[in-house]
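# Observations on the model geometry
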Protein chains: 2
Amino acid sequence: MAAGPPYGPVTEAFVDALRLAVGAEHVRTDDEARATYGADALKKGHPADVVVWPADTAEVAAVLRLCTAHRVPVVPRGAGTGYTGGAVPSFGGVVLALQRLDRILEIDERNLLAVAECHVVTGDLQRAVEAVGLFYPPDPASLPTSTIGGNVAECAGGPRAFKYGVTKRYILGLEAVLPSGEIIHTGGKSVKNVVGYDLTQLLVGSEGTLAVITRVTVRLVPLPPTQVTLRATFTTIRAAVDAVTNLIRARVVPSALELIDGDSLEAVATNLGTRALAPEGTGALLLLEVDGLPETVAEEGRRVEQACREAGATEVLVAHDQATREELWRVRRALSLSLRVLAPMKVNHDVVVPKGRVPELFDLIDRLRAASPGVRIPCFGHVGDGNIHVNMMLDPADPVALEAARVAERALFEGIVALEGSISGEHGIGFSKLPFVPLELSRIEIDLQRRIKAAFDPLNILNPGKMFPE
Amino acid sequence: MAAGPPYGPVTEAFVDALRLAVGAEHVRTDDEARATYGADALKKGHPADVVVWPADTAEVAAVLRLCTAHRVPVVPRGAGTGYTGGAVPSFGGVVLALQRLDRILEIDERNLLAVAECHVVTGDLQRAVEAVGLFYPPDPASLPTSTIGGNVAECAGGPRAFKYGVTKRYILGLEAVLPSGEIIHTGGKSVKNVVGYDLTQLLVGSEGTLAVITRVTVRLVPLPPTQVTLRATFTTIRAAVDAVTNLIRARVVPSALELIDGDSLEAVATNLGTRALAPEGTGALLLLEVDGLPETVAEEGRRVEQACREAGATEVLVAHDQATREELWRVRRALSLSLRVLAPMKVNHDVVVPKGRVPELFDLIDRLRAASPGVRIPCFGHVGDGNIHVNMMLDPADPVALEAARVAERALFEGIVALEGSISGEHGIGFSKLPFVPLELSRIEIDLQRRIKAAFDPLNILNPGKMFPE
């Protein structure tokens, strides 16, 4: 890791002060805790010096005051499901583990909102609001384990974003603690509010670098009563994207619009030993879902099917009941495990381009495939948003492949920016994408963002070494 | 006006430099220009010293560099339709009139977006995208004259916000110029983008205090093919709000949900000399609209009608064709002119509460009515968002009424904050609401916002004296 600013040491006296603040049983300095809280789903990181579990917002504030007084870096952490190292230290210090802030405080049917502490698991929040006929749409793949606070910090996406939008569109208000220990409340319980700058939206996606989010007010919508799922196969990526263009022309906005490429399908077929999920000769598979009132869903389902057939679909399957719908989605769920048959190491890129340029993105990926010996590049993702997960699969023991993947990574990001895209659609920057940020943001823009960071965190103790290169 | 920081004087040399930057014919210092550009729809303000009309982003940057070099305050201005003084000087200096940046640059049907210069009139942009079957939903009442850049700067709302959301939800990216003259690009052409802090959303609603917005990329949705409009009358506000609660329970999200109170209806009846638009004994009138596919609209129209009847509506009218729909909307359009029959002066408050608390808001307004001699308080607004326009009508020659309105204003804002609401839903703070900001934001929150302002504008020359009290 790069050297940081002159941070204070984690002394025994500092750790004792933490114990006093949150209770000795909620502070750990053993190697196991330090290692566990020193990595996330990226499986890289730097051990924490100390892990603390505050009970509530007041204790979060107390820990932050201590970190400010001692100039010790502090990293807020949700469930640690991130792919870019956002929740792990770059310089040691304190990991602020938020597990104990895990209550749903309010589900307000009348005002279509819910209030939750930051460590409520997003899937649990969804089930709780669905029980009263309401709906929290954002659905990152991690939702059975990731938390609403973490989702806010990263601005999580997911399949439903094309119709419903990403996390930011559902956040009405936040309670957060500044590095100074001062508590702020942003937004509120109303969709409309123009008093002051929109700090709510500034904190969404700020990766825990500006303030520690402790409480979230989410906007809800009525739960759509009906869904239809469709699976369409195509010989080429271009034909699948033509289907997407057709259905946009037909004024349909599906609630999911997932693309899986031929390389990914081959991995699924090999892994599961069946062609049922991925018919031979399929260059691209679309999973589509429409939701809403039964009348709408029936009509939109017809339009989606027609859009796919007009684009040359080789097969279109339609599922109305829950069991058949789940069978169609099985290929998507089988992807992550199946990719492992290709190679032991996965380097996961989360790029986005304007959706009309997805064929150009796949042309670029084909060029990278040709130029990268020892690297397989299966791709899948949220094609309605132009958000494609580009997975570089390789054997870490093969130095030729490692170097090829390194070269391909930079070429991918340079190509993405040339296609008017972004190097991260939903996984964030953390520390793993830091070197590529200057491809997308100018020096002027990075300096401006640093000044905003300093407005919140003048000592640069809150999750330092993330989002912007030093 | 309060004294500002030590700004530089507007010297003849400075004005000559402006002339060199944008052409002498695009700089005016005559009294007429200074007065015209020294007020907006609030009809108060401070004259500019000089008004300049740059041709493009590069000239905007040149003007800002000069203002920085000479420490002269500079106020960006769109169409000047704001109600809170956001686009008028507090300390003189330069008004940056953006009229010449008025081109629609791109309508991209495939990627569902449009790119426009800041001074494109919002209504013109809507018509242009509707011509190709697309839809830009935000619809502030000013849309025939207000501009997309001004709408972004104020985060404009409007009737459709309940279903579609306010301006911020449709802004994908911005080009903007910092007070230093540096040009930044935020966001882009994709809905998903988590590289860096979300400066796009920070600039939306920042009232021209952080940067000058020169170019806007808006997200579009498919144009809904069908609309149905309903007008329902009730004896009380509470019954009308019950209807809103009922329809939310019935899982309907109308594209418009407007409430007009009895006092406003009386003004319309008096002004137009007819009871047709406002039947006698009506305490509240709802205008509702549903849009979408014909199948959905028919079903949702039935649910809306039922929700109104179950809440005790005295009459429900339903309009399917354009002419009848416009007739139902006529009462809403007649409001502004009709209120003038009540008194010559209108003080316009734009408050918002969680929608379930709208009856409590009207209880508060009833108390203010009883306590405010010489002041009439007709109210109407976007009840789905809990966003109500509270109009205090009085004779400015009546000192008792003036004092009563002043007292009622503060009581209103204090009551709003106690109801978990906000003192402005869509009109902004400008300078007219400045004294009330500390009712809603804490000292810590205001200080934080000031530090963010300084990150963009260290000399405090860009639209100073707005949004936050000194």
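Residues numbered from 1 in each chain as written. Chains lettered and ligands numbered in written order. Predicted model: local features only at pLDDT ≥ 70, side-chain atom pairs only at ≥ 80, totals over all residues. Heavy atoms only, no water.

### Some remarks on the overall build of chain A
Stated formally: Secondary structure follows DSSP: runs of H or I at least 4 residues long count as helices, runs of E at least 2 residues long count as strands, and numbering of each begins at the N terminus. As defined in this context, the radius of gyration uses C-alpha atoms, and a globule is described by 2.2 Å times the residue total to the power 0.38. Buried residues are those whose accessible area, probed at 1.4 Å on protein chains only, stays under 20% of the maximum for their type, while exposed residues exceed 50% and partly exposed ones sit between those limits. Whether two residues are in contact is decided by their heavy atoms, any of which lying within 4.5 Å being enough. Only the protein chains shown count as cover for residues, and the accessible areas themselves come from Shrake-Rupley with a 1.4 Å probe. Here Asp and Glu are counted as negative and Lys and Arg as positive; His is not counted, and neither are the chain ends. Charge coordinates come from a single atom per side chain, which is NZ of Lys, CZ of Arg, CG of Asp or CD of Glu.
Helix and strand counts for chain A stand at 16 helices and 18 strands. Expected size for 470 residues packed as a compact globule is a radius of gyration near 23 Å; at 23 Å, chain A falls within 12% of this value. Considered along the principal axes of its C-alpha atoms, chain A spans approximately 70 × 60 × 45 Å. Sorting the 470 residues of chain A into buried and exposed places 63% on the buried side. Within chain A, contacts between residues separated by at least 24 positions form 74% of all contacts whose residues are at least 6 apart in sequence. Working note: accessible area of chain A is about 16200 Å², and carbon and sulfur atoms make up 53% of it. The averaged location of the 57 negative side-chain charges in chain A is 2 Å from the averaged location of its 47 positive side-chain charges.

### Topic: the domain arrangement of chain A
Residues and elements named next belong to chain A. In plain terms, the rule: Domain extents, as shown, originate in an automatic or database domain assignment. Values labelled buried area give the accessible surface lost by two parts on being combined, using a 1.4 Å probe and summing over both. Polar contact is the term for a pair of N or O atoms within 3.5 Å; when the atoms are in protein, one must be able to donate a hydrogen and the other to accept it, and sequence-neighboring residues count only if both atoms are side-chain atoms.
According to the domain assignment, chain A consists of domain 1 (12-100), domain 2 (104-222), domain 3 (226-337) and domain 4 (343-438). Spacing between the C-alpha centres of domain 1 and domain 4 amounts to 32 Å. Interface area for domain 1 against domain 4, summed over the two sides, is near 600 Å², with a carbon-plus-sulfur share of 66%. Interface area lost by domain 1 to domain 4 is led by L42, Y83 and T84, which between them contribute 72%. Here domain 1 is connected to domain 4 by three residue pairs in polar contact (both at pLDDT 80 or more).

### With respect to the relation of the copies chain B and chain A
As a reminder, the rule being used: Least-squares fitting of one copy onto the other uses the C-alpha atoms of those residues that reach a pLDDT of at least 70 in both copies.
When chain B is fitted onto chain A, the two copies agree to an RMSD of 0.0 Å after a turn of 180° and an axial shift of 0.0 Å. In symmetry terms, the pair is related by a two-fold rotation axis. A shared binding surface is used by both copies, with 99% of the interface residues of chain B retained as interface residues in chain A.

### A look at the pairing of strand β10 (residues 212-219) of chain A
All names here are of chain A. Keep this limit in mind: Two strands make a pair as long as DSSP finds a minimum of two bridges between them.
The element β10 is largely enclosed, with a buried count of seven among its eight residues. Inspection of the sheet shows strand β6 (residues 113-117) paired to β10 by five bridges, in the antiparallel sense. Along β10, the bridge assignment pairs L113 with R219.

### A few points about the interface of chain B and chain A
Our working definition: Salt bridge, as used here: a side-chain nitrogen of Lys or Arg that lies within 4 Å of a carboxyl oxygen of Asp or Glu. Only Asp, Glu, Lys and Arg are considered charged in this grouping, and only Ala, Val, Leu, Ile, Met, Phe, Trp, Tyr, Cys and Pro are considered nonpolar; every other residue, Gly among them, is considered polar.
At the interface, 83 residues of chain B touch 82 residues of chain A. Of the roughly 7100 Å² buried where chain B meets chain A, counting both sides, 60% is carbon and sulfur surface. Taken as a group, B:K192, B:V194 and B:Y197 account for 14% of the area that chain B buries against chain A, more than any other trio of residues on that side. The partner of B:E426 in a salt bridge is A:K192, with the nearest N and O atoms 2.8 Å apart. Between the two partners, chain B and chain A, sit 33 residue pairs in polar contact (both at pLDDT 80 or more). For the side of chain B that touches chain A, the secondary-structure elements that each account for two or more residues are β9 (183-187), α7 (199-203), α8 (237-249), α10 (294-310), α15 (437-440) and α16 (443-456) of chain B. Looking at which element gives the most residues to the side of chain B that touches chain A, the answer is α16(B), with nine residues. Of the residues that constitute the side of chain B that touches chain A, the class distribution is 35 nonpolar, 23 polar and 25 charged.

### Examining the packing of helix α1 (residues 12-22) of chain A against helix α3 (residues 57-70) of chain A
All names here are of chain A. Definition in use: Comment: axis = line fitted to C-alpha atoms, over the contacting stretch for helices; angle = value between 0 and 180 degrees taken between N-to-C directions. Roughly parallel means an angle under 35 degrees; roughly antiparallel means over 145; roughly perpendicular covers 65 to 115; every other angle is labelled oblique. What makes a crossing left-handed is the near helix being turned counterclockwise from the far one by less than a right angle; a clockwise turn instead makes it right-handed.
Running from N to C, α1 and α3 point in directions that differ by 165°, and their axes come no closer than 9 Å. Classified by the interaxial angle, the pair formed by α1 and α3 is roughly antiparallel. Considering only the axes of α1 and α3, their crossing is right-handed. Within the contact between the two elements, α1 uses F14, A17, L18, A21 and V22 and α3 uses E59, A62, V63, L66, C67 and H70. Split by residue class, the contact of α1 with α3 holds nine nonpolar, one polar and one charged.

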